[in-house]
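If you want the building blocks of each chain, they are given just below.
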Amino acid sequence: MEEIVIYTDGGCSGNPGPGGWGIVVIAKGQARKLSGGEKLTTNNRMELTAAISALSIVKNTPDFAGLPVTVNIDSQYVKNGITSWIKGWKAKGWKTADKKPVKNQDLWVCLDELNSSLNVSWNWVKGHAGVEYNEVCDQLCQSEIAKYK
């Protein structure tokens, strides 16, 4: 069966600071690149925004309906958050194990909705390790950061 393969990256110059994100969505023989950024943000918000942006493309493209999705991401925070930690956060009313509010809840809610509506597998890849499309995402991210410096 055909599948959609996604690569994402997000980052900041300073944390908080100017930030950027980049994605590559590979489907139906094409690799689609997209990026964005913000003047003042955090690394984790940019990593989450990248994943949300990529899954939004999948959800909003009728030709992609029903296809399995593999997200390759170099953020343990996002991968572990969406595959494991989020269950506990939701059960505890969006509180962490030490009863503090979950940071970036607005983005986690959005990512959870997208993830729940699609057939997504999450795969961690080592950043800056020569993985072709992860490196492309990093370049997109760095270009966005440079716009805000």
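You'll find the structure just up there.
This one's a predicted model, so the numbers in the text were calculated from it and none came from an experiment. (Residues numbered from 1 in each chain as written. Predicted model: local features only at pLDDT ≥ 70, side-chain atom pairs only at ≥ 80, totals over all residues. Heavy atoms only, no water.)

Q: Even after reading the chapter, I still don't get the overall build of the chain, so can you show me in this structure?
A: Scanning the chain from N- to C-terminus turns up four helices and five strands. Secondary structure elements of the chain occur, N-terminal to C-terminal, as β-β-β-α-β-α-α-β-α. Taken against the 2.2 N^0.38 rule, which gives 15 Å for 149 residues, the C-alpha radius of gyration of the chain at 15 Å falls within 12% of a compact globule. Taking contacts inside the chain between residues at least 6 apart in sequence as the whole, the part at least 24 apart equals 68%. In the chain, 17 positive and 15 negative side-chain charges are present, and the distance between their average locations comes to 8 Å. (Helix = DSSP H or I, 4+ residues; strand = E, 2+ residues; numbered from the N terminus. Rg over C-alpha atoms; globule rule 2.2 N^0.38 Å. Contact = heavy atoms within 4.5 Å. Lys, Arg positive; Asp, Glu negative; His and termini not counted. Charge placed at Lys NZ, Arg CZ, Asp CG, Glu CD.)

Q: Hey, could you run me through the nonpolar core in this one?
A: The nonpolar side chains of soluble globular proteins are, as a tendency, buried together. By size, the foremost hydrophobic cluster in this structure holds 33 residues, and its most contacted members are I4, I6, L55, W108, L111 and W122. Those elements that provide at least two residues to this core are β1 (4–12), β2 (17–27), α1 (43–59), β4 (69–73), α2 (76–91), α3 (105–117) and β5 (120–124). Counting residues in each nonpolar core, the second largest holds five residues, with Y7, V24, C137 and L140 among its members. (Core = buried A, V, L, I, M, F, W, Y, C linked by side-chain atoms within 4.5 Å. Buried < 20%, exposed > 50% of the residue type's maximum accessible area, 1.4 Å probe, protein only.)

Q: What's the story with the environment of N104 in this structure? I'm lost.
A: Topologically, N104 is positioned in the loop between α2 and α3. Residue classification places N104 among the buried residues on the basis of a relative accessible area of 15%. When the C-alpha atoms of N104 and R45 are compared, they prove to be 6.8 Å apart, with 59 residues separating the residues in sequence. In this structure, N104 is in contact with N44, R45, L48 and Y77, ignoring residues within four places of it in sequence. Within the structure, the side chain of N104 is placed 3.0 Å from the side chain of R45, a separation counted as a polar contact. (Polar contact = N/O pair within 3.5 Å; in protein donor to acceptor, adjacent residues only side chain to side chain.)

Q: Would you explain the packing of α1 against α3 in this entry?
A: Packed helix pairs are characterised by how far apart their axes lie and by the angle those axes make with each other. One way to put it is that α1 packs onto α3 with a least axis distance of 9 Å and a crossing angle of 30°. You can see that α1 and α3 cross each other, and the crossing is left-handed. Contacts from R45, L48, T49, A51, I52, L55, S56 and K59 in α1 reach D106, L107, W108, C110, L111, L114, N115 and S117 in α3. (Axes fitted to C-alpha atoms, helices over the stretch in contact; angles between N-to-C directions. Left-handed = near helix turned anticlockwise from the far one by under 90°.)

Q: Explain the packing of aromatic side chains to me, please; I cannot follow it from the model alone.
A: To describe a pair of aromatic rings, one takes the distance between the centres and the angle between the planes. Within the structure shown, the criterion is met by five aromatic pairs. Between Y7 and Y133 the ring centres are 5.6 Å apart and the planes differ by 40°, which places this aromatic pair in the tilted class. Taken together, the residues Y7 in strand β1 and Y133 in helix α4 (residues 132–148) connect sequence positions 126 residues apart. On the numbers, 5.3 Å between centres and 70° between planes, the contact of Y77 with W108 is edge-to-face. With Y77 in helix α2 and W108 in helix α3, this residue pair connects regions lying 31 residues apart in the sequence. Assigned by exposure class, Y77 and W108 land together as buried. Linked through ring pairs, Y77, W85, W89, W94 and W108 together constitute an aromatic cluster. (Phe/Tyr/Trp six-rings, centres within 6.5 Å; stacked < 30°, edge-to-face > 60°.)

Q: Would you explain the sheet that holds strand β3 (residues 30–41) in this entry?
A: Read across the open sheet, the five strands follow the order β3-β2-β1-β4-β5; overall the sheet is mixed. A strand with exactly one partner marks an edge of an open sheet, and here the two such strands are β3 and β5. Recorded for the sheet is a direction-independent mean angle of 20° between the axes of neighbouring strands. Sitting on the sheet, α1 touches β1, β2, β3, β4 and β5, and the angle it makes with β1 is about 155°. (Pairing = 2+ DSSP bridges.)

Q: How should the environment of L111 be read in this particular structure?
A: If you trace the backbone, L111 turns up in helix α3. Here the alpha-carbon distance between L111 and I4, two residues 107 residues apart in the chain, equals 17 Å. Not counting chain neighbours up to four residues away, the residues in contact with L111 comprise L48, A51, I52, L55, V78, I82 and W122.

These values are about where atoms sit, not about what they do.
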